[in-house]
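Listed here are the chains, written in short residue letters.
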Amino acid sequence: MKFAVLRFPGSNCDQDAYFAALNVLRQPVEYVWHESTDLAGADCVIIPGGFSYGDYLRCGAVAALSPVMGAVRKFAASGGLVIGICNGFQILCESGLLPGVLLRNRGLRFICRHVHLRLENADTPFTRSGTVGKVLSIPIAHGEGNYFADESTLRELEDSGRVILRYCGPGGEIEDRYNPNGAARNIAGIVNREGNVAGMMPHPERACEPILGSEDGLVILNSILGGRA
Amino acid sequence: MPEAALRDPEITPEVWREMGLSDDEYRQVEGILGRPPTYTELGMFAVMWSEHCGYKYSRPVLRLFKRYREQLDSGALENAGVVDIGDGYGIAMKVESHNHPSAVEPFQGAATGVGGILRDIFTMGARPIASLNSLRFGELSDPHVRYLFEHVVAGIGFYGNCVGVPTIGGEVFFDPCYAGNPLVNAMALGLVRLDRIASACARGVGNSVLIVGSRTGRDGIHGATFASVELGPDSESKRPNVQMGDPFTEKLLIEATLEALETGAIVGIQDMGAAGITCSTCETAAKAGTGMEIDVALVPQREEGMTPYEIMLSESQERMLAIVQKGREEEVASIFRRWGLNAVVIGHVTDDGLVRVRQNGRVVAEVPAKALADECPTYQLDASEPDYVVRLRSRPVQSLRVDDHSSTLLKLLSRPCIASKRWVWEQYDHMVQTNTVVFPGSDAGVLRIRGVKTGIAVTTDCNSRIVYLDPYTGSRMAVYEAARNLVCSGAKPVAVTDCLNFGNPEKPEAFWQFKESVRGLADACEELSTPVVSGNVSFYNETPESAIYPTPVVGMLGVLDDVTNHVTSAFKREGDRIILLAAGWPEDPWPSLSGSELQVMLDGEPYGPLPGLDAARQKALFAAVLEMAAGRMLSSAHDVSEGGLAVCLAESCIAGGLGADVELRLPGPVVPSLYGEPAGVILVSTPPERASDVIRTAEAHGVMAVEMGGVGGPDIIVRGEGAELLRVAVAQASEAWESAIPAAMDTM
């Protein structure tokens, strides 16, 4: 499976995603520059974390208007797999490929830590190597990860099983005290209606080798490869 | 003959004094030039001859550092030191202060401190792989201190998180002496192929001089001069002297610079920090023995109508000076442009040794490069031992009275100096680049190096209370403490960078502290064969109310031959044995309460003589623990430091979420044994079947090993003298330790 990792000026998890695809998943991978409209024949596009264009406006707002995102829209419309991680999730929301927005964390501070996530739907291309209810330990690192959408959107997401990951306690408890950023309904990750575009605030690429303290991110990454756990 | 530029003020004694030059120094400038300087030239001399850039007071003392002395004499001094870690890789590292800017504008002051130190690293051709920072504030009960603390941490996070360099460690210390003058020291490390190190050297007459990165504005003019005076009531008015950071541009600059260096077309490169274009032009030319001619009108500017003086002295951030082979300018410039950055030829290298500055062709300054870069007058200042040192050293150390050890431990754990700094480091991205093996909160941060087995460990340390009591011994102890933290992580200490924060050197007492401290650092680094490869001096850390404690922050690098052998401070398994390893016991006058956290908590100030420090014994301890780590005998290792053995034990319990039951089998009274802060004690845990290996290894190195008890249960229990001395639930200890700083900060 071929991966494309988008590179915006200010992306800073691009090299981590590239490394994970190449050295952990052992798949071909190519960077795609923000001005390009050629996705290098990829089967899956990764929109990495970072601060695209500095994020001095609103997270992901400028990136959403870049040439490469035009190509990503077409790619997604034709069923291609797209995963946005952290800033990538913000970009997907700003691009309209996913519903909702990511507000500032409710504590108004940047947070970097390992969190527990409960897998909510194992029937997507991004979660199929896991099981519903499985608790994963994967880090977050963001200042604006407070997922927000209006009630009807949230209801629709829930009813159609499009919430894929929720912040939880070590035993899978969905409680407010385990919600690091104030996200609506503890939402950490969602997919689009068609199920081929995912956004998540946690960083699976930071949790896919034993030396880094967790391999739980592989549940996500291996799912993309086709469900081999 | 240079001419005055439009709108240049007339030069009067008030003008040069305001810029920080003495009358005598002004006469030296006239002597060098053989004529009165232009206003632009005067400004260039003033910044380059400030203490901040010219080290006019510190340089004679810094010669005590062997590596510095050799590099100074051979002209090989670079922006940061590079340490060979094997496999063809080097680590570039440096620590630098941004104290005064952070005192008046904490967010931007701290942010630009991070930006500046990162540029020192990638200007060497090294990719920045880690940041650390060493922070000192007043007490958190003071609302202004909380404001400074909140915004310094936010500023560091703002910059470091955006630029994508993990902040993997550091330290935070609180004491009233820092109330008006916080310390913000930023350290950075970069990874470079040893055959690809870039130099800050303007070689090759005719080569082009490019300015790359941000445009130049009026911010930060005379920042270096500001750093070279005490803070006072009017320091707030210096806010405009503080630069503004743009981490997005810095990120682009990192990528573009490293890519451009790959072309081989760049012969020399220098970042622009203090004294901006002035410093980078004269230093690169002086280093190569060449001259340089530039036209300031070609410099991309942020504002209209800037004078040559302003352009030459601006400290606008995120700029670099690159010297590029003639004919390959476009090849380099196109890379920067692709990253959305300016890259403009502003001049060329000459052979006359002069920095010649033009404005639209007209010469406005013409100064020998070496006079600016290397001929800053140096002074041998008077040093005299302050009265307080004699008074505090001779004050006998009372045996402090502790009635209830359990509550004392909880109180110590909630002292801000000891309490968890999670509130700080969770605001920093400490994992980006996915190389962080040991997160902040253990004894040292540990990184893997991709593609090789080797790992590195890094720490910053300085207990300024004991440096205050005895600058020589206290500074030596700071080096040994840093080394111990690395050893506890399984890494062999290899090199040091230091940030020397002191008061006004023109006061003999402060200068004595400085001299003694440098002597202590230099001796310790010799003893440990860990050369000081780079560093920074920050004087004038004083307000009208008080001077800071002398604070020589030691940043230290260690190497693990196999990164998978790293060790952390957390207890790992029920049933593991807990063993105390001591370097100098029982002959050394340990345990001592001098300068301890308990002493300050109960008696209000540090006092008493410091015990000696035996280099051979310390090194034996290090060798023993490294052998244990390499032999995978250890489940955990943690250095006894602030708060003593009681806190050390509690921290290992809290980090591991496991209790412990130990017997205080030490000679001497209970209080100093539990709370004394000896240099050279490490608490380890080991699987039961390896306990005898640990003890045998210790004894083979002549290190004392005392098996104290075991890991397990919900409580931290210390027994002694036939009774239970202390029992605290791990959950309660954890709550005290974790909640202290967030609770103080949420009262904002």
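Bear in mind that the values here come from a model prediction, so they are computed numbers and not experimental data.

Caption draft 1: Summary view of the overall build of chain B. Per the secondary structure count, chain B includes 27 helices and 25 strands. In summary, chain B has a C-alpha radius of gyration of 26 Å against a globular reference of 27 Å for 748 residues, a match within 12%. With the C-alpha coordinates aligned to their principal axes, the bounding extent of chain B is approximately 85 × 55 × 45 Å. Per-residue burial over chain B gives 64% buried out of 748 residues. Within chain B, counting contacts between residues at least 6 apart in sequence, those at least 24 apart form 85% of the total.

Caption draft 2: Layout of the overall build of chain A. From N to C terminus, chain A includes five helices and 11 strands. Against the globule reference of 17 Å for 229 residues, chain A gives a C-alpha radius of gyration of 16 Å, in line with a compact fold. Principal axes of the C-alpha set define a box for chain A whose edges measure 45 × 35 × 30 Å. Buried positions account for 57% of the 229 residues belonging to chain A. Pairs at least 24 apart in sequence give 75% of the contacts found in chain A among residues at least 6 apart.

Caption draft 3: Layout of the interface of chain B and chain A. On the chain A side, the residues contacting the 21 residues of chain B number 21 residues. Residues belonging to the side of chain B that touches chain A are distributed by class as follows: eight nonpolar, nine polar and four charged.

Caption draft 4: Layout of the domain arrangement of chain B. Along its sequence, chain B is carved into domain 1 (1-57 + 198-375) and domain 2 (415-427 + 567-748). Computed over C-alpha atoms, the centres of domain 1 of chain B and domain 2 of chain B are 50 Å apart.

Caption draft 5: Molecular detail of the sheet that holds strand S17 (residues 532-538) of chain B. All names here are of chain B. One open sheet holds the six strands; their spatial order is S13-S14-S15-S18-S16-S17, and the pairing between them is mixed. In this open sheet, the two edge strands, each paired with only one partner strand, are strand S13 (436-438) and S17. Ignoring which end each strand starts from, the neighbouring axes of this sheet average 25 degrees apart. Relative to S17, strand S16 (residues 492-501) runs parallel, the two sharing six bridges. Bridged to asparagine 501 within S17 is serine 538. Against the sheet, helix H21 (residues 508-528) engages S16, S17 and strand S18 (551-560), with an angle of about 170 degrees to S16.

Caption draft 6: Representation of the packing of helix H17 (residues 405-413) of chain B against helix H24 (residues 644-656) of chain B in the model. Residues and elements named next belong to chain B. Axis separation between H17 and H24 bottoms out at 10 Å; the angle between their running directions is 75 degrees. On the basis of their axis angle, the class for H17 and H24 is roughly perpendicular. Residues Leu409, Leu412 and Leu413 of H17 form the contact with H24, whose participating residues are Ala646, Val647 and Ala650. In the contact of H17 with H24, the residues fall into six nonpolar, no polar and no charged.

Caption draft 7: Representation of helix H12 (residues 276-288) of chain B in the model. Residue and element names in this part refer to chain B. A rise of 1.5 Å per residue sets the reference length of H12, with its 13 residues, at 18 Å; its end C-alpha atoms lie 19 Å apart and thus fit the reference within 8%. Among the 13 residues of H12, 13 are classified as buried, and the element is accordingly described as predominantly covered. Looking one or two residues past H12, glycine 289 carries a phi angle of roughly 70 degrees, positive in sign.

Caption draft 8: Representation of the environment of valine 424 of chain B in the model. Residues and elements named next belong to chain B. Mapping valine 424 onto the fold places it in helix H18 (residues 422-425). Take valine 424: there are 22 C-beta atoms within 10 Å of it, and that puts it in the buried class. Among all residues touching valine 424, those that are not within four sequence positions of it are Val153 and Val172.

Caption draft 9: Structural view of H21 of chain B. Residue and element names in this part refer to chain B. Spanning 21 residues, H21 covers 30 Å between terminal C-alpha atoms, matching the ideal 30 Å at 1.5 Å per step. Of all the 21 residues making up H21, 15 are buried; the element is thus mostly covered by neighbouring parts of the structure. Within two residues after H21, serine 529 carries a phi angle of roughly 55 degrees, on the positive side.

Caption draft 10: Structural detail: the pairing of strand S4 (residues 81-85) of chain A. All names here are of chain A. In terms of burial, S4 is a largely internal element, five of the five residues being buried. Residues Leu81, Ile83 and Ile85 point to one face of S4 and Val82 and Gly84 to the other, with burial holding for every one of them. Sheet topology places strand S3 (residues 44-47) next to S4; four bridges connect them, and they run parallel. Within the sheet, the bridge partner assigned to cysteine 44 lies in S4 and is leucine 81. As paired strands, S4 and strand S11 (residues 197-200) are joined by four bridges and run parallel to one another. If you follow isoleucine 83 over to S11, its bridge partner there is alanine 198.

Caption draft 11: View of unusual backbone geometry. Residue and element names in this part refer to chain B. Here the phi dihedral of asparagine 360 falls at roughly 50 degrees; this positive angle occurs in a residue that is not glycine. Checked against the element boundaries, asparagine 360 lands in the loop between strand S11 (354-359) and strand S12 (362-368). On the basis of neighbour counts, which here come to 10 C-beta atoms within 10 Å, the residue asparagine 360 falls in the exposed class. Within the chain, serine 529 stands out as a residue other than glycine whose phi angle is a positive 55 degrees. Among the secondary structure elements, serine 529 is positioned in the loop between H21 and S17. Looking at serine 529, the number of C-beta atoms within 10 Å reads 10, which means it is exposed.

Caption draft 12: Representation of the pairing of strand S14 (residues 445-448) of chain B. All names here are of chain B. A two-sided burial pattern is seen for S14, the buried positions comprising Gly445 and Leu447 on one face and Val446 and Arg448 on the other. Note that S13 and S14 share two bridges and pair antiparallel. Bridging across to S14, valine 438 finds its partner in valine 446. Joining the antiparallel neighbours S13 and S14 is a turn of six residues, in which glycine 441 adopts a positive phi near 110 degrees. Looking at chain direction, S14 and strand S15 (residues 455-461) are connected through four bridges and run antiparallel. Bridge pairing links leucine 447 to isoleucine 456 in S15.

Caption draft 13: View of the packing of helix H20 (residues 471-488) of chain B against H21 of chain B. Residue and element names in this part refer to chain B. Interaxial distance between H20 and H21 falls to 7 Å at its minimum, and their mutual angle equals 40 degrees. One finds that H20 runs oblique with respect to H21. Note on packing geometry: the crossing formed by H20 with H21 is right-handed. Counting all contacts with H20, which are made through Pro471, Tyr472, Thr473, Gly474, Ser475, Arg476, Val479, Tyr480 and Ala483, the residues of H21 involved are Gln513, Glu516, Ser517, Arg519, Gly520, Leu521, Asp523, Ala524, Cys525 and Leu528. In terms of residue class, the contact of H20 with H21 is built from nine nonpolar, six polar and four charged.

Caption draft 14: Structural detail: the sheet that holds strand S22 (residues 681-686) of chain B. All names here are of chain B. Pairing within the open sheet is mixed, and its seven strands lie in the order S20-S22-S19-S23-S21-S24-S25. Bordering the open sheet on either side are strand S20 (636-639) and strand S25 (723-729), each of which pairs with just one other strand. Ignoring strand direction, the axes of neighbouring strands in this sheet form an average angle of 20 degrees. Bridge count for strand S24 (residues 715-720) against S25 is six bridges, and the pairing is antiparallel. Paired with isoleucine 717 across the two strands is arginine 727, which belongs to S25.

Caption draft 15: Region of interest: the nonpolar core. Ranked by size, the top nonpolar core spans 336 residues in total, and within it Val45 of chain A together with Met48, Ile266, Val479, Leu581 and Val625 of chain B carry the most contacts. Here this core spans two domains, and each of domain 1 (1-57 + 198-375) and domain 2 (415-427 + 567-748) of chain B adds at least three residues to it. Residues in contact with leucine 581 of chain B, not counting those within four places in the same chain, are Leu621, Ala624, Val625, Ile682, Val684, Ala698, Val703, Met704 and Ala705 of chain B.

Caption draft 16: Molecular detail of the confidence of the model for chain B. In this model, chain B carries a mean pLDDT of 93, and residues with pLDDT of at least 70 account for 97%. Complex prediction metrics read pTM 0.95 and ipTM 0.96.

Caption draft 17: Examining the environment of alanine 444 of chain B more closely. Residue and element names in this part refer to chain B. By the secondary structure assignment, alanine 444 is in the loop between S13 and S14. In sequence terms alanine 444 and glutamate 10 are 434 residues apart; their C-alpha atoms lie 54 Å from each other. Other than its neighbours up to four places away in sequence, alanine 444 contacts Gly169, Ala457, Val458, Thr459, Asn485, Leu486, Ser489, Ala491 and Gly558.

Cut-offs applied
- Residues numbered from 1 in each chain as written.
- Chains lettered and ligands numbered in written order.
- Predicted model: local features only at pLDDT ≥ 70, side-chain atom pairs only at ≥ 80, totals over all residues.
- Helix = DSSP H or I, 4+ residues; strand = E, 2+ residues; numbered from the N terminus.
- Rg over C-alpha atoms; globule rule 2.2 N^0.38 Å.
- Buried ≥ 20, exposed ≤ 12 C-beta atoms within 10 Å, placed from the backbone.
- Contact = placed C-beta atoms within 7 Å.
- Nonpolar A, V, L, I, M, F, W, Y, C, P; charged D, E, K, R; others polar.
- Domains from an automatic or database assignment.
- Pairing = 2+ DSSP bridges.
- Axes fitted to C-alpha atoms, helices over the stretch in contact; angles between N-to-C directions.
- Parallel < 35°, antiparallel > 145°, perpendicular 65-115°, else oblique.
- Expected span 1.5 Å × (residues − 1).
- Left-handed = near helix turned anticlockwise from the far one by under 90°.
- Core = buried A, V, L, I, M, F, W, Y, C linked by C-beta atoms within 7 Å.
- pLDDT = per-residue confidence, 0-100.

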